[in-house]
Amino acid sequence: MKYKKIKSKIAYKNHWFSIENHSVIKPNGQKGVYSFLKKSSGVVIIALDNDKSIFFTKEYRYPINKRVWQLPAGSTEGNNLIKEAAKELFEETGLKAKTIKKIGGFFIAPGHENTFVHVLVATNLDKSNIGLNFKGGDEDISDITKIEITKIKKMIKRGEINCGISVAALNIFLCSKNY
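Owing to the predicted nature of the structure, the values given are computational and were not obtained by experimental measurement.

A. The overall build of the protein chain, seen in detail. Summing up its helical and strand segments, the protein chain has 3 helices and 10 strands in all. The linear arrangement of helices and strands in the protein chain, starting from the amino end, is β-β-β-β-β-β-β-α-β-β-β-α-α. Seen through its principal axes, the protein chain has C-alpha atoms that stretch 55 × 35 × 35 Å. Here the protein chain holds 179 residues, and 35% of them are scored as buried. The contacts of the protein chain with a sequence gap of at least 6 include a subset with a gap of at least 24, amounting to 56%. Computing the positive centroid from 30 side-chain charges and the negative centroid from 17, the protein chain places the two 9 Å apart.

Now the structure itself:
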């Protein structure tokens, strides 16, 4: 037996996400409440340069009060993943890519949110505007850096790259035949 929803209500909502409370009947037949975060899907972009290095941003993240290395990423607003990825890549880094392709995806935390993230690889990069765009908006990006894949693996092992979305996307990339 699966969970059976009796009713649902939105406990909180803003522009980016909502928190829903569902009254349910659990698989064991008991009544209960299942609350979760509901958010649109997202994209994470692996901007792969000709020398097999990947571009990262260093961004301040308020909930953990730290700057972390991350791949460019964001929520999607439409159905065209390639267009959404190109927009996010340019907004956060100033990079433009001639080629962007989807290589996989994953659910962030399916036990308490519904968010699915699409992993895309951007190649044939135009770096002429790098860093010009990332200081605006509501993001606190302090650096854009290109890192060699061998160094990325060491940084993950040492816990220096610890953004879960970035680590998951890199795992999909490193297990693929895209580099």
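B. Quick peek at unusual backbone geometry. In the Ramachandran plot, N65 falls in the positive-phi region, its phi being about 55° despite a non-glycine side chain. Topologically, N65 is positioned in the loop between β5 (53–61) and β6 (66–70). Its identity as a non-glycine residue notwithstanding, N124 has a phi of 55°, on the positive side. Looking at the element boundaries, N124 is found in strand β9 (residues 116–126). Residue N124 is classed as partly exposed on the basis of its relative accessible area of 40%.

C. Layout of the nonpolar core. Ranked by size, the top nonpolar core spans 19 residues in total, and within it I46, I54, F56, L71, I152 and F173 carry the most contacts. Of all elements in the fold, only β4 (42–47), β5, β9, α2 (149–157) and α3 (164–174) reach the threshold of two or more residues within this core. One finds V43, A47, A85 and L95 within the second-largest nonpolar core, a separate group that totals 14 residues.

D. Representation of the environment of L89. Structurally, L89 is set in helix α1 (residues 81–93). Note on L89: relative accessible area 0%, which makes it buried.

E. Geometry of the packing of aromatic side chains. Enumeration over the complete set of coordinates arrives at 3 aromatic pairs. Seen in terms of ring centroids, Y3 and Y34 are 5.4 Å apart; in terms of plane orientation they differ by 90°. Their pairing is edge-to-face. Taken as a pair, Y3 in the segment before β1 (4–13) and Y34 in strand β3 (residues 31–39) lie far apart in primary sequence, 31 residues in all. The class of Y3 is partly exposed, set by a relative accessible area of 46%. Here F107 and F116 contribute two aromatic rings whose centre-to-centre distance is 5.0 Å and whose plane-to-plane angle is 75°, an arrangement assigned as edge-to-face. Exposure remark for F116: the relative accessible area of 23% places this residue in the partly exposed category. Lying across the ring of F90, K96 places its NZ or CZ 5.4 Å from the centre.

Reading guide: rules and limits
Residues numbered from 1 in each chain as written. Predicted model: local features only at pLDDT ≥ 70, side-chain atom pairs only at ≥ 80, totals over all residues. Heavy atoms only, no water. Helix = DSSP H or I, 4+ residues; strand = E, 2+ residues; numbered from the N terminus. Buried < 20%, exposed > 50% of the residue type's maximum accessible area, 1.4 Å probe, protein only. Contact = heavy atoms within 4.5 Å. Lys, Arg positive; Asp, Glu negative; His and termini not counted. Charge placed at Lys NZ, Arg CZ, Asp CG, Glu CD. Core = buried A, V, L, I, M, F, W, Y, C linked by side-chain atoms within 4.5 Å. Phe/Tyr/Trp six-rings, centres within 6.5 Å; stacked < 30°, edge-to-face > 60°. Lys NZ or Arg CZ within 6 Å of the ring centre and 35° of its normal.

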